[in-house]
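Residues per chain, in single letters:
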Amino acid sequence: MYTLYYSPGAASMLVHLTLLEIGAPHALERVDLEAGQQRSAAYLALNPNGVVPTLLVDGVPHGEAAALTLLLAERHPDAALAPPPDSPQRAEYLQWMLYLANSLQPAYRCWFYPDQHVADGAAGIKEAARIGIEACWSRINAHLATHGPHMLGATFSVVDLYALMLMRWSRNMPRPATTWPHVAELAARLKTRPSWKRLCDTEGLAEWA
Ligand SMILES: N[C@@H](CCC(=O)N[C@@H](CS)C(=O)NCC(=O)O)C(=O)O
């Protein structure tokens, strides 16, 4: 049994989507980020970083969206959300998961939380983040143009779910991810999956749904 501590549309979305794709029974606990609940003593005891997601796995709390997704894909191989360890696609799978986790997601954190990085100069941080995010989408678009339609070609995987969440985060940026045509095509394809509709309904997401 899993319990996901989440906030609508936040990094927890990746874990939520993965649980829905697996069909794994799970409970949801909403964390009110605007009220600062992520900094409460009770929540910090679960996640000392004070962020969502946290996933209780058999009662034990764990953090980091990408790591949780890798873990879930591994624990539920029948869901076929990741190439198995002996698959020729395994290296590419790990490469993209880490690319999204190392290069793209942290740039969004700078975009959305520039004040946490420097006391002064938030505009410069945001501009650097924007440039980094757009460079990543250009790179992903070029990859999809030749190796699509999914991030792993014909194979749907959690890499696509991760990309979808990160695409959504760009919706109000100067250049949304879906202005790159192959990225837009992937978004449209993924949005037809039942897991996406269920996630939007459950998290109450109306924008970019
Ligand atoms: N590296 C973490 C980052 C998670 C993260 O930044 N979560 C944001 C929401 S998208 C959050 O909880 N923000 C609240 C805060 O920083 O106070 C992960 O991937 O799990």
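Model, not experiment: these values are computed from the prediction. (Residues numbered from 1 in each chain as written. Predicted model: local features only at pLDDT ≥ 70, side-chain atom pairs only at ≥ 80, totals over all residues. Heavy atoms only, no water.)

### Here's the deal with the site of the ligand
Point 1. Lining the immediate surroundings of the ligand are 14 residues, of which Q38, E64, Q105, R109 and Y113 lie closest.
Point 2. R39 is positioned such that a nitrogen or oxygen atom in its side chain is 3.5 Å from an oxygen atom of the ligand.
Point 3. Here Q105 contributes a side-chain N or O atom positioned 2.8 Å from an oxygen atom of the ligand.
Point 4. When the ligand sits alone it has 510 Å² of accessible area, and the protein chains cover 86% of it.
Point 5. The site holding the ligand turns out to be the largest pocket. (Near = heavy atom within 4 Å. Polar contact = N/O pair within 3.5 Å; in protein donor to acceptor, adjacent residues only side chain to side chain. Areas by Shrake-Rupley, 256 points an atom, 1.4 Å probe, with all protein chains shown as cover. 1 Å grid on protein atoms, 1.4 Å probe; cavity = no way out; pocket = protein on both sides within 12 Å on 5 of 7 lines; lining within 4 Å. Sits in = over half its atoms within 2 Å of the grid points.)

### Remarks on the packing of helix α4 (residues 90-112) against helix α6 (residues 158-169)
Point 1. Direction vectors running N to C along α4 and α6 enclose 15°, while the axes themselves pass 10 Å from each other. With respect to α6, the axis of α4 lies roughly parallel. For the element pair α4 and α6, the recorded crossing hand is left-handed. Contact residues: α4 offers Y93, W96, M97, L100, A101, L104, Q105, Y108 and F112, while α6 offers V158, V159, Y162, A163, L166 and W169.
Point 2. Among the residues making up the contact of α4 with α6, the classes are represented as 14 nonpolar, one polar and no charged. (Axes fitted to C-alpha atoms, helices over the stretch in contact; angles between N-to-C directions. Helix = DSSP H or I, 4+ residues; strand = E, 2+ residues; numbered from the N terminus. Parallel < 35°, antiparallel > 145°, perpendicular 65-115°, else oblique. Left-handed = near helix turned anticlockwise from the far one by under 90°. Contact = heavy atoms within 4.5 Å. Nonpolar A, V, L, I, M, F, W, Y, C, P; charged D, E, K, R; others polar.)

### Some thoughts on the pattern of salt bridges
Point 1. Applying the stated criterion across every chain yields a total of six salt bridges.
Point 2. Note that R130 is salt-bridged to E127, the shortest N-O span being 2.7 Å. Remark: E127 and R130 occur in helix α5 (residues 122-147); sequence separation between them is three residues, near one turn of the helix.
Point 3. Take R130: its relative accessible area is 19%, and that puts it in the buried class.
Point 4. Residue class for E127 comes out partly exposed when judged on its relative accessible area of 37%.
Point 5. A cluster of three or more residues bridged by salt bridges with shared partners is formed by E127, R130 and E134. (Salt bridge = Lys/Arg side-chain N within 4 Å of Asp/Glu carboxyl O. Buried < 20%, exposed > 50% of the residue type's maximum accessible area, 1.4 Å probe, protein only.)

### Points about the packing of helix α3 (residues 65-75) against α4
Point 1. Where α3 meets α4, the closest approach of the two axes is 10 Å, and the angle between their N-to-C directions is 155°. For the element pair α3 / α4, the angle class is roughly antiparallel. Of the residues in α4, those in contact with A66, T69, L70, A73 and E74 of α3 are R90, Y93, L94, M97 and A101.
Point 2. For the contact of α3 with α4, the per-class residue count stands at seven nonpolar, one polar and two charged.

### Side note on the layout of surface pockets
Point 1. Volume-wise, the largest pocket comes out at about 880 Å³.
Point 2. For the lining of the largest pocket, the secondary-structure elements that each account for two or more residues are α3, α4 and α6.
Point 3. With seven residues, the top contributor of residues to the lining of the largest pocket is α4.
Point 4. Grouping the amino acids of the lining of the largest pocket by side-chain chemistry returns 19 nonpolar, eight polar and five charged.
Point 5. The space that makes up the second largest pocket amounts to roughly 180 Å³.
Point 6. Every residue along the wall of the second largest pocket is listed here: L70, A73, E74, P77, A80, A82, P83, P84, P85, R90 and Y93.
Point 7. Here the lining of the second largest pocket takes three residues from α3, the largest share from any one element. (Points joined across faces, edges and corners; volume = space filled by probe spheres on them.)

### Describing the side chain of N47
Point 1. Secondary-structure assignment places N47 in the loop between α2 (41-46) and β3 (54-57).
Point 2. Each residue touching N47, except ones within four places of it in the same chain, is listed here: P53, T54 and G63.

### A few points about the domain arrangement of the protein
Point 1. According to the domain assignment, the protein consists of domain 1 (2-80) and domain 2 (90-193).
Point 2. The straight-line distance from the C-alpha centre of domain 1 to that of domain 2 is 20 Å.
Point 3. Each partner contributes residues to the interface: domain 1 has 15 residues there, and domain 2 has 16 residues.
Point 4. Summed over both sides, the interface of domain 1 with domain 2 buries roughly 1,200 Å², with 72% coming from carbon and sulfur.
Point 5. On the domain 1 side of the contact with domain 2, L14, E21 and L70 bury the most area, a combined 37% of that side's loss.
Point 6. Remark: the boundary between domain 1 and domain 2 carries one salt bridge. (Domains from an automatic or database assignment. Buried area = accessible area lost by both parts, 1.4 Å probe.)

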